[in-house]
Amino acid sequence: NAGVTQTPKFQVLKTGQSMTLQCAQDMNHEYMSWYRQDPGMGLRLIHYSVGAGITDQGEVPNGYNVSRSTTEDFPLRLLSAAPSQTSVYFCASSSLPNTGELFFGEGSRLTVL
Amino acid sequence: GDSVTQMEGPVTLSEEAFLTINCTYTATGYPSLFWYVQYPGEGLQLLLKATKADDKGSNKGFEATYRKETTSFHLEKGSVQVSDSAVYFCALPNQAGTALIFGKGTTLSVSS
């Protein structure tokens, strides 16, 4: 069982470059979300989606875009990378309404130089 | 707003020692409460949960009791193992039910 799959696992970018972090789940979950994890900060929600075609902002959405064209996929786009976006990014999904019971991917470590 | 406060780490224990990781919360009403665990190099995974006051969640020898009087959900284990070394997060849903609010995490290191 694949669960939640994130790619790439590691990425180094230069300031100003753009990229997309991919997230796919095979559990037919309606709810998907992106968190970033920074030392001493815990996890902070970037964007979330409650179904295909529906997305909304979380706590720290600036500099990131998302879309949800299918139930399975929820890519996170960095439009113009900044060093402050150096972080570990986690995608998570759950079935509604159990948004507390999240299934996480293994994470994507992004470094912006 | 709703929030979660966890004890600062790291917590360093010897194998077979007793573990407590404190978690207190601020919330409107009585939300479900969760503990997640993150092993090195991995994503978070749900460890246990409690859905109402006085509930006890348990899994893999870990327990936590939902105490509304003290707004706490402390994680305990009677005898830790080296394999329990990980980061532990306490969490609760936001009021809209659209996301989890996580504590900052507590790192546990167990030595043999």
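Residues numbered from 1 in each chain as written. Chains lettered and ligands numbered in written order. Predicted model: local features only at pLDDT ≥ 70, side-chain atom pairs only at ≥ 80, totals over all residues. Heavy atoms only, no water.

Caption draft 1: Just the overall build of chain A, in detail. Looking only at helices and strands, chain A has zero helices and 11 strands in total. The helix and strand sequence of chain A, counted from the amino end, reads β-β-β-β-β-β-β-β-β-β-β. Dimensions of chain A, computed from the C-alpha atoms along their principal axes, are close to 40 × 30 × 25 Å. For chain A, with 113 residues in total, the buried portion stands at 48%. Once local pairs closer than 6 in sequence are excluded, the contacts in chain A between residues at least 24 apart make up 52%. Counting only carbon and sulfur atoms, one obtains 50% of the accessible surface of chain A, whose full area is about 5,300 Å². In chain A, 7 positive and 9 negative side-chain charges are present, and the distance between their average locations comes to 13 Å. (Helix = DSSP H or I, 4+ residues; strand = E, 2+ residues; numbered from the N terminus. Buried < 20%, exposed > 50% of the residue type's maximum accessible area, 1.4 Å probe, protein only. Contact = heavy atoms within 4.5 Å. Areas by Shrake-Rupley, 256 points an atom, 1.4 Å probe, with all protein chains shown as cover. Lys, Arg positive; Asp, Glu negative; His and termini not counted. Charge placed at Lys NZ, Arg CZ, Asp CG, Glu CD.)

Caption draft 2: Quick peek at the state of the cysteines. Overall, the coordinates contain two disulfides over all chains when judged by the stated rule. Sulfur-sulfur distance for the disulfide between Cys23 of chain A and Cys91 of chain A comes to 1.9 Å. Its S-S torsion of about -70 degrees marks the bond between Cys23 of chain A and Cys91 of chain A as left-handed, since a negative value means left-handed. One end of the pair, Cys23 of chain A, is in strand E3 (residues 19-25); the other, Cys91 of chain A, is in strand E9 (residues 87-94), with 68 residues separating them in the sequence. Note on Cys23 of chain A: relative accessible area 2%, which makes it buried. The disulfide that involves Cys23 of chain B links it to Cys90 of chain B, with 2.0 Å between the sulfurs. What sets the handedness of the Cys23 of chain B and Cys90 of chain B disulfide is the S-S torsion sign, and at about -70 degrees it is left-handed. Here Cys23 of chain B is found in strand E4 (residues 23-26), whereas its partner Cys90 of chain B is found in strand E10 (residues 86-93), with 67 residues between them in sequence. (Disulfide = S-S within 2.5 Å.)

Caption draft 3: How the structure looks around the interface of chain A and chain B. With 17 residues of chain A at the contact, the number on the chain B side is 17 residues. Inspection of the region where chain A meets chain B yields one salt bridge. The partner of Glu101 of chain A in a salt bridge is Lys49 of chain B, and the shortest N-O contact between them spans 2.2 Å. In this assembly, chain A and chain B are joined by six residue pairs in polar contact (both at pLDDT 80 or more). In terms of residues, the side of chain A that touches chain B owes the most to one element, strand E5 (residues 42-51) of chain A, which gives four residues. (Salt bridge = Lys/Arg side-chain N within 4 Å of Asp/Glu carboxyl O. Polar contact = N/O pair within 3.5 Å; in protein donor to acceptor, adjacent residues only side chain to side chain.)

Caption draft 4: Quick look at the pairing of strand E12 (residues 106-111) of chain B. All names here are of chain B. Across the two faces of E12 the burial differs, with Thr106, Leu108 and Val110 buried and Thr107, Ser109 and Ser111 not buried at all. Taken together, the four bridges between strand E2 (residues 11-14) and E12 define a ladder with parallel strand orientation. From the neighbouring strand, Ser14 faces E12, where its bridge partner is Ser111. As paired strands, E10 and E12 are joined by three bridges and run antiparallel to one another. Residue Tyr88 lies in a different strand from E12, and its bridge partner there is Thr106. (Pairing = 2+ DSSP bridges.)

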